[in-house]
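Breakdown of the fold
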Amino acid sequence: MLAPPGYKDEIPAILERLRNKQTIEHLETHRQAKDGSLLQLSVTISPIFDSDGRVIAASAIARDIGERIKTEETLRKTEKLAAAGRLAATIAHEINNPLAAITNLLYLARKNPSLDGKAKRYLDLAQEELGRVAHIARQSLGFYRDTSIPGTVEISAALDEIVALYGRRIDSKGIHLETEYGPGLAIHAFPGEIRQLLSNLLVNAIDACGSGGQLRIRATSRNDWNHNRRSGVRITIADNGCGIPKPHLARLFEPFFTTKEDVGTGLGLWVSKGIVQRHGGSIRARSSTRAGESGTVFSLFLSGVVPNSPVQRIA
Ligand code: ADP
Ligand code: MG
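Right, let's walk through the structure included here. Note that the structure is predicted; figures quoted are calculated from it, not measured. (Residues numbered from 1 in each chain as written. Chains lettered and ligands numbered in written order. Predicted model: local features only at pLDDT ≥ 70, side-chain atom pairs only at ≥ 80, totals over all residues. Heavy atoms only, no water.)

1. A look at the overall build of the protein chain
- When you go through the protein chain residue by residue, the secondary structure sums to eight helices and 10 strands.
- Looking at the protein chain as a whole, 35% of its 315 residues are labelled buried.
- Of all intrachain contacts in the protein chain linking residues separated by at least 6 positions in sequence, the fraction that spans at least 24 positions is 66%.
- Accessible surface, the protein chain: about 18,700 Å² in total, of which carbon and sulfur atoms supply 54%. (Helix = DSSP H or I, 4+ residues; strand = E, 2+ residues; numbered from the N terminus. Buried < 20%, exposed > 50% of the residue type's maximum accessible area, 1.4 Å probe, protein only. Contact = heavy atoms within 4.5 Å. Areas by Shrake-Rupley, 256 points an atom, 1.4 Å probe, with all protein chains shown as cover.)

2. Looking at helix 6 (residues 191-208)
- Relative to the 26 Å expected for 18 residues at 1.5 Å per residue, helix 6 spans 26 Å between its end C-alpha atoms, a close match to the ideal helical length.
- Most of helix 6 is tucked away: 13 of the 18 residues are buried. (Expected span 1.5 Å × (residues − 1).)

3. Observations regarding the site of ligand 1
- Near ligand 1 lie 19 residues; those nearest to it are Thr258, Thr259, Lys260, Thr265 and Leu269.
- Between ligand 1 and Asn204, the relevant distance is 2.8 Å, taken from an oxygen atom to a side-chain nitrogen or oxygen of the residue.
- About the coverage of ligand 1: the protein hides 93% of its 540 Å² of free accessible area.
- Those elements that provide at least two residues to the shell around ligand 1 are helix 6, helix 8 (268-278) and strand 10 (295-302).
- The biggest single contributor to the shell around ligand 1 is helix 6, with three residues. (Near = heavy atom within 4 Å. Polar contact = N/O pair within 3.5 Å; in protein donor to acceptor, adjacent residues only side chain to side chain.)

4. A closer look at the nonpolar core
- Grouped together as the largest cluster of nonpolar side chains are 40 residues, with contacts concentrated most on Ile155 and Ile235.
- Taken together, the elements giving at least two residues each to this core come down to helix 4 (155-165), strand 6 (186-189), helix 6, strand 7 (214-223), strand 8 (231-239), helix 8 and strand 10.
- For this core, the leading source of residues is helix 6, giving eight residues.
- Contact partners of Ile235, with chain neighbours within four places excluded, come to Ile155, Leu198, Arg218, Ala219, Phe298, Ser299, Leu300 and Leu302. (Core = buried A, V, L, I, M, F, W, Y, C linked by side-chain atoms within 4.5 Å.)

5. Concerning the pairing of strand 8
- Extensive coverage of strand 8 is indicated by the burial of eight of its nine residues.
- By the bridge criterion, seven bridges tie strand 8 to strand 10 in an arrangement that is antiparallel. Bridge assignment links Ile237 to a residue of strand 10, and that residue is Phe298. (Pairing = 2+ DSSP bridges.)

6. Quick look at the pairing of strand 3 (residues 55-64)
- In this sheet, strand 3 lies alongside strand 2 (residues 38-49) in antiparallel orientation, the contact comprising nine bridges. Following the sheet pairing, Pro47 is matched in strand 3 by Ala58.
- Hairpin connection from strand 2 to strand 3: five residues lie between these consecutive antiparallel strands, with Gly53 at a positive phi of about 85 degrees.

7. Points about a nonpolar patch on the surface
- The grouping of Leu87, Ile91 and Ile95 at the surface amounts to a nonpolar patch, some 210 Å² of accessible area in total.
- As for its placement among the helices and strands, Leu87 is situated in helix 2 (residues 66-111).
- Leu87 gets classed as partly exposed once you look at its relative accessible area, which sits at 41%. (Patch = residues over 30% accessible without salt bridge, like charges linked within 9 Å, V, L, I, M, F, W, Y side chains within 5 Å. Salt bridge = Lys/Arg side-chain N within 4 Å of Asp/Glu carboxyl O.)

8. A word on the packing of helix 4 against helix 6
- Two elements in contact, helix 4 and helix 6, have axes separated by 10 Å at closest approach and are oriented at 50 degrees. Put simply, helix 4 runs oblique to helix 6. For helix 4 against helix 6, the interelement crossing comes out right-handed. Judged by residue contacts, Ile155, Ala158, Leu159, Glu161, Ile162 and Val163 of helix 4 engage Ile194, Arg195, Leu198, Ser199 and Leu202 from helix 6. (Axes fitted to C-alpha atoms, helices over the stretch in contact; angles between N-to-C directions. Parallel < 35°, antiparallel > 145°, perpendicular 65-115°, else oblique. Left-handed = near helix turned anticlockwise from the far one by under 90°.)

9. So, helix 4
- For helix 4, every residue scored as buried is listed here: Ile155, Ser156, Ala158, Leu159, Ile162 and Val163. The buried residues of helix 4 all sit within an arc of 160 degrees when viewed along its axis, so they share a single face. (Arc of directions from axis to C-beta.)

10. Considerations on the pattern of salt bridges
- Scanning the entire structure with this criterion turns up 15 salt bridges.
- The shortest N-O distance in the salt bridge between Glu254 and Arg251 comes to 3.2 Å.
- For Glu254, a relative accessible area of 18% gives the class buried.
- Arg251 sits in the partly exposed class, given a relative accessible area of 35%.
- Residues participating in the shared-partner salt-bridge network are Glu28, Arg68 and Glu72.

Everything listed here is a matter of coordinates, which is why it stays silent on function.
Below, the structure is given as structure tokens:
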């Protein structure tokens, strides 16, 4: 009964070693407590001999190392976070410098008097698109440092903007998009962060959808489901894509957790959660992978209670 499923083979192996007069030292393993819960233990077992040198018993010392392992795990996660911050800061820096150079060069080229009207218009368009590249780079890096002060953000306008930004991607995958929101959903927020949050969720939903998939974005004025007295905006982004298997659900908001080999950063949801928390809100996901009815719904609540000065986010 001591050994939980998966560890049953350990006991005969331990007994075998004891019979051979060997000691088991600091074996890190799991055992089952009386109430059925799992304990993480470090076990040391030594044979006890009679006067003739025969093994007649064994002494076992087990230390509960659950706390230690939990601490180690937290530390590892913290280190991951720090690494994520450093990585993002480096990439943002590397990308922003050439982008700034190109922007300046375009500006100079547009000033050149030898350009005819058509060439000028092309350069104007190029500049506009470049602005978008810079914006997307910041967003997908996920470490958009919003230095603006918080202001009134109209959620329906922000949603329209994001939908337009990814419209081509939605169309080219043949995804059907339904939106249910109207004006009058204003909150106090950092506008750049809200756009980033919404695009992270939308992009994930688009990624999850196969061709001919369906997306639904809704926003309503709501009370927080945890703190009923607070008012704010509730947004849900639903897709009928592949869904998220249960074991992954618990890890969604961890930095670097991704199932998208090569293309994923695993930072989108982690960053999104940070943004939601800074806006006095909450985020949760429900998902099903059952064939024929698979899909995912992300629900957000934003209260719009934000700190008044921008926070320094990159250490
Ligand atoms: P990335 O998109 O770079 O992988 P995210 O943090 O945005 O990182 O998402 C982490 C993981 O969560 C994804 O790799 C995917 O497995 C899962 N995921 C997120 N949103 C959805 C969704 N709408 N449907 C299915 N899986 C999702
Ligand atoms: Mg993502």
